[in-house]
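Tertiary structure, described
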Amino acid sequence: MRTLAIDFGARRIGLAMSDEGGKWASPLEVLAVNDPDHAIEPVVKLVAKEAVQRIVVGLPLNMDDTLGGQAKVVIAWSRKLDAAIRSSARASPAIIFVDERLSSFEAEQRLIDVKRAGGKMTRKDKKQSLDAVAAAGILQSFLDGKLPAIDV
């Protein structure tokens, strides 16, 4: 099952995609946006092009498991995305929310490890790929059964 993961941010939105078998996650791209609503159209096109069957969205919960302001923004944006997909396609993939706490920190650690292992990465490269790597980490954890869906 082809799954898209979204790591939502106010300035950058990281995307990752699973393989067709739904076993492995790979960083895809980072959408740099001044207005997150401008990212909806490229994501809708990606969903159609790749025949995405479900979308995993990282939800930034507070450390006490409550929904904070940013989590509410992510939920509202995801609802707009769902409406846009429904208006442009016959079938709409399920949108699943998962806990993304500390995903950016873990992604940054992965990129530091790559650099320590001899990988060439400038600060700019790191900044541009961080959100896609975070989305891939979220997706892989979900695919591995480590991140359950959150009801909102």
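Before reading further, recall that the structure is shown in the block above.
I will try to describe carefully the structure that is included in this document. Not measured: the values here are computed from a predicted model. Every chain's residues receive numbers from 1 upward, in the order its sequence appears when written. Residue-level local features of this predicted model are given only where pLDDT is at least 70; pairs of side-chain atoms are given and counted only at 80 or more, and the full residue set underlies all totals for whole chains, interfaces and linings. Working from all heavy atoms in the structure, the side-chain values ignore hydrogens and water.

Observations concerning the packing of aromatic side chains
Only Phe, Tyr and Trp rings take part, Trp by its six-membered ring, and two of them pair if their centres are within 6.5 Å. Stacked means planes under 30 degrees apart, edge-to-face means over 60, and tilted covers everything else. Under the criterion given, the structure shown has one aromatic pair. Aromatic pair Phe8 and Trp77: ring centres 5.1 Å apart, planes at 45 degrees, arrangement tilted. In this pair, Phe8 sits in the loop between strand E1 (3–7) and strand E2 (12–18) while Trp77 sits in helix H2 (residues 69–88), placing the two residues 69 residues apart along the sequence. This pair shows no difference in class: Phe8 is buried, exactly as Trp77 is. Put simply, DSSP marks the helices as runs of H or I at least four residues long and the strands as runs of E at least two long, and each gets a number from the N terminus on. A 1.4 Å probe rolled over the protein chains alone gives each residue an accessible area, and that area as a share of the maximum for its type sets the label: buried under 20%, exposed over 50%, partly exposed in between.

Thoughts on the nonpolar core
Ranked by internal contacts, the top residues of the largest apolar core, which has 26 residues, are Leu4, Ile6, Ile13, Ile55 and Leu81. Of all the secondary-structure elements, those providing two or more residues to this core are E1, E2, helix H1 (40–49), strand E4 (54–59) and H2. Any two residues whose heavy atoms approach within 4.5 Å at even a single point are treated as in contact. Sequence-distant contacts of Leu81, that is, excluding residues within four places in its chain, are made with Ile6, Ile40, Val43, Val44 and Ile55. Residues enter a nonpolar core if they are buried and are Ala, Val, Leu, Ile, Met, Phe, Trp, Tyr or Cys, with the set joined through side-chain atoms within 4.5 Å.

Brief notes about H1
Of all the residues in H1, the buried ones are Ile40, Val43, Val44, Leu46 and Val47. Looking down the long axis of H1, one finds its buried residues gathered within 160 degrees of arc, a one-sided arrangement. Facing away from the buried side of H1 by over 90 degrees, the exposed positions are Glu41, Lys45, Ala48 and Lys49. Buried residues in H1 make contact with E1, E2, strand E3 (25–32), E4 and H2. It is the directions from the helix axis to the C-beta atoms that the arc portrays.

Comments concerning unusual backbone geometry
In the Ramachandran plot, Ala51 falls in the positive-phi region, its phi being about 55 degrees despite a non-glycine side chain. For Ala51, the location among the structural elements is in the loop between H1 and E4. At Asp65, a position not held by glycine, the phi torsion is positive, near 70 degrees. Here Asp65 is to be found in the loop between E4 and H2. Assessed through its relative accessible area of 53%, Asp65 is described here as exposed.

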